[in-house]
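# Descriptive analysis of the structure
Below are the chains, spelled out letter by letter.
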Amino acid sequence: MINFDYVRARDVADAVREISVEPAAKFIAGGTNLIDLMKYDVERPMRLIDITRLPLNNVEETANGGLRIGALVPNSDLAYHTLIEQRYPLLSSAILAGASQQLRNMASTGGNLMQRTRCFYFCDVATPCNKRDPGSGCSAINGINRINAILGTSEACIATHPSDMCVALAALEAKVHVAGPVGERAIAFSDFHRLPGDTPQMDTNLNANEIITAIELPAQGFATNYSYLKIRDRLSFAFALVSVAAALELDGGRIKDARLALGGVAHKPWRDPEAEAALGSQPADSNAFAKAAEVLLRGAKGFAHNTFKIDLARRAIVRTLAQAANGTPQIQSSKKIR
Ligand SMILES: Cc1cc2nc3c(=O)[nH]c(=O)nc-3n(C[C@H](O)[C@H](O)[C@H](O)COP(=O)(O)OP(=O)(O)OC[C@H]3O[C@@H](n4cnc5c(N)ncnc54)[C@H](O)[C@@H]3O)c2cc1C
Ligand code: SF4
């Protein structure tokens, strides 16, 4: 038994105070990732700061026509929220592609951003892993790397970020609101998660003494032409091998604005402004989609067991963009089953 202290934060300021005094402390929200990692001995927090009673569970309209989502809004409440279903259905589809209904009932918005990689070796303390134990080596580079990254990798780490929700948030250009000892700040979603470089132990640019308080969505929701496609080994309860979030604004048959983000392929949701620019003003057809896929995947590099992901991603991008252009309805099979 590894002992740890437990405290319940009274308010955001109290949570920030608590995390600032104990560097080995961790916030706990739904606990669906942190508790597993504590059981595997991957995470060993000296103190758990329970944030579940903080008033961060509302979805509110913002003055500029967007939405502000509290960090403690459960994933299922968010996916089924009327304003999300109507104005940001891409986000709803991505959330419902993840985990299971029971997990989504527990999982929080903030926790989803902060969940850790599913690299097999990260979760196996008998093996070297630079993310878990900096400087020990990367077992995946020459190991079983079927689920690992093909873009943005480094010699230190080839892990992927496992979230579905974050792929949609990247495409929608959300902002992450955080609070810390020196006040509040907002981080563009594209700057929130990091590439591994030579510090793979750092997943995000959130400081150790900061808490996520909310996610802000801009007004533009791409509610008509969008698609989230997740390709995985099982139809449920499995992480993405490759996922694609695509959102288009069309003018007749031409693309006015495009967003494209990949999941399952990098240490963070993968976007490239040049791939989106390649779609701009083009007819919404397979030639334009193939070109965007080529640009988005340039620089992709496979390892012994995951080279298949490059072609899989290419075909998935073309298919997802075609579904978005056609306004193909999204399948939400577990809708409203709690
Ligand atoms: C079997 C299984 C299958 C899954 N499948 C998928 C899937 O297919 N797709 C997918 O996207 N996800 C999947 N998940 C992951 C799930 O979505 C995450 O575990 C969940 O979103 C984490 O949220 P939580 O509130 O439970 O976080 P917790 O476990 O409570 O916390 C996770 C981390 O976030 C930190 N944290 C939590 N809230 C905050 C905050 N407000 N500010 C700063 N730090 C914070 C904690 O300190 C901790 O480090 C799966 C999980 C399981 C167990
Ligand atoms: S890929 Fe990253 S998480 Fe996986 S073993 Fe290597 S260092 Fe660890």
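Since the model is a prediction, treat every value here as computed from it, not as a measurement.

So, about the sheet that holds strand β1 (residues 5-8). The 3 strands are arranged β1-β3-β2 in an open sheet whose pairing can be described as parallel. Strands with a single pairing partner mark the edges of an open sheet, and in this sheet they are β1 and β2 (25-28). Going across the sheet, the axis of each strand differs from the next one's by a mean of 25°, ignoring polarity. Strand direction decides the pairing type here: β1 and strand β3 (residues 47-50), joined by 4 bridges, are parallel. Among the inter-strand pairings, Tyr-6 is bridged to a residue of β3, identified as Leu-48.

The next point concerns the site of ligand 1. Surveying the vicinity of ligand 1 reveals 34 residues, the closest of which are Phe-27, Gly-31, Thr-32, Ser-108 and Asp-164. Separating an oxygen atom of ligand 1 from a backbone N or O atom of Ala-99 is a distance of 2.9 Å. In the complex, 94% of the free accessible area of ligand 1, which totals 980 Å², lies under the protein chains. Looking at the shell around ligand 1, the elements with two or more residues in it are β2, α2 (34-39), α7 (109-114) and β8 (211-217). The leading source of residues in the shell around ligand 1 is α7, at 4 residues.

Glancing now at helix α1 (residues 12-21). Along α1, the residues that are buried comprise Asp-14, Ala-15, Val-16, Glu-18 and Ile-19. Check the buried side of α1 and you find it contacts β1, β2, β3, β6 (175-180) and β8.

Moving on: helix α5 (residues 89-96). Among the 8 residues in α5, 8 count as buried, and that is most of the element. Looking at α5, one finds that the buried residues are Pro-89, Leu-90, Leu-91, Ser-92, Ser-93, Ala-94, Ile-95 and Leu-96.

A few words now on the site of ligand 2. Around ligand 2 sit 14 residues, and of these Cys-119, Cys-129, Cys-138, Cys-157 and Ile-158 come closest. For the shell around ligand 2, the residue count by class is 10 nonpolar, 3 polar and 1 charged.

To continue, consider the pattern of salt bridges. Summed over all chains, the structure comprises 21 salt bridges. Between Glu-173 and Arg-259 there is a salt bridge whose closest N-O contact spans 3.5 Å. Placement of Glu-173 in the loop between α8 (165-171) and β6 and of Arg-259 in strand β11 (residues 254-263) is noted, with a sequence separation of 86 residues between them. We note a salt bridge from Glu-173 to Arg-271, for which the minimum N-O separation is 2.8 Å. Of this pair, Glu-173 sits in the loop between α8 and β6 while Arg-271 is found in the loop between β11 and α10 (273-279), placing the two residues 98 residues apart along the sequence. We classify Glu-173 as partly exposed; its relative accessible area is 39%. Each member of the salt-bridge network shares a partner with another, and the members are Lys-26, Glu-43, Arg-116, Lys-131 and Asp-203.

Look at helix α11 (residues 286-296) against helix α12 (residues 308-326): their axes get within 9 Å of each other, and the N-to-C directions meet at 135°. By the angle between their axes, α11 is oblique relative to α12. In this structure, the crossing between α11 and α12 has a hand that is right-handed. Along the contact surface, α11 presents Phe-289, Ala-290, Ala-292, Ala-293 and Leu-296, while α12 presents Arg-314, Ile-317, Val-318, Leu-321, Ala-322 and Ala-325. Partitioning the contact of α11 with α12 into residue classes produces 10 nonpolar, no polar and 1 charged.

Of note, the phi angle at Asp-41 is positive, near 70°, even though the residue is not glycine. Inspection of the secondary structure puts Asp-41 in the loop between α2 and β3. With a phi close to 55°, Glu-173 is a non-glycine residue in the positive phi region.

Glancing now at a nonpolar patch on the surface. Residues Met-1, Phe-4 and Tyr-6 make up a contiguous nonpolar surface patch of roughly 400 Å² in combined accessible area. Mapped onto the elements of the fold, Tyr-6 is located in strand β1.

Strands sit in the order β9-β10-β11 across an open sheet of 3 strands; the sheet is antiparallel. Across the chains shown, the open sheet's two edge strands, defined by having one partner strand only, are β9 (225-231) and β11. Ignoring which end each strand starts from, the neighbouring axes of this sheet average 10° apart. Here 7 bridges tie β9 to strand β10 (residues 242-251), and the two strands are oriented antiparallel to one another. Each residue of the ladder has a partner; that of Leu-229, found in β10, is Val-244. Set on the sheet, α5 makes contact with β9 and β10; between it and β9 the angle comes to about 15°.

What follows is about the side chain of Thr-117. One can find Thr-117 in the loop between α7 and α8. Looking at Thr-117, its side chain comes within polar contact range of the main-chain nitrogen of Cys-119, at 3.2 Å. Reaching out from Thr-117, the side chain makes a polar contact with the backbone oxygen of Thr-160 at a distance of 2.9 Å. Leave out the neighbours within four places in its chain, and Thr-117 touches Phe-122, Cys-123, Lys-131, Ala-159, Thr-160 and Pro-162.

Analysis parameters
All residue numbers refer to position in the chain's written sequence, counted from 1. Note on labels: chains are lettered from A, ligands numbered from 1, in written order. Predicted model: local features are reported for residues with pLDDT of at least 70 only, side-chain atom pairs are reported and counted for 80 or more only, and whole-chain, interface and lining totals are derived from all residues. The basis for every side-chain value is the complete set of non-hydrogen atoms in the structure, without hydrogens or water. DSSP bridges decide pairing: two strands pair if at least two such bridges lie between them. Put simply, DSSP H or I for four residues or longer makes a helix, DSSP E for two residues or longer makes a strand, and each gets a number counted from the N terminus. Axis angles are defined between N-to-C directions and span 0 to 180 degrees, where every axis is a line fitted to C-alpha atoms and, for a helix, only to the segment in contact. Distances are taken per atom, and a residue is near a molecule or strand as soon as one of its heavy atoms is within 4 Å of it. Residues adjacent in sequence count toward polar contacts only when both atoms are side-chain atoms; beyond that, a polar contact is any pair of N or O atoms within 3.5 Å, and within protein one must be able to donate a hydrogen and the other to accept it. Each accessible area is a Shrake-Rupley estimate made with a 1.4 Å probe; only the visible protein chains count as cover when residues are assessed. Exposure classes here rest on a 1.4 Å probe applied to the protein chains alone. A residue is buried below 20% of its type maximum, exposed above 50%, and partly exposed in between. Should any heavy atoms of two residues lie within 4.5 Å, those residues are considered in contact. Classification convention: Asp, Glu, Lys, Arg as charged; Ala, Val, Leu, Ile, Met, Phe, Trp, Tyr, Cys, Pro as nonpolar; all other residues, Gly among them, as polar. Every case where a carboxyl oxygen of Asp or Glu lies within 4 Å of a side-chain nitrogen of Lys or Arg is listed as a salt bridge. For classification, angles of less than 35 degrees are called roughly parallel, those exceeding 145 degrees roughly antiparallel, those between 65 and 115 degrees roughly perpendicular, and all remaining angles oblique. What makes a crossing left-handed is the near helix being turned counterclockwise from the far one by less than a right angle; a clockwise turn instead makes it right-handed. Patches were defined on residues exceeding 30% relative accessible area and lacking a salt bridge, with like-charge contacts within 9 Å and nonpolar side-chain contacts (Val, Leu, Ile, Met, Phe, Trp, Tyr) within 5 Å.

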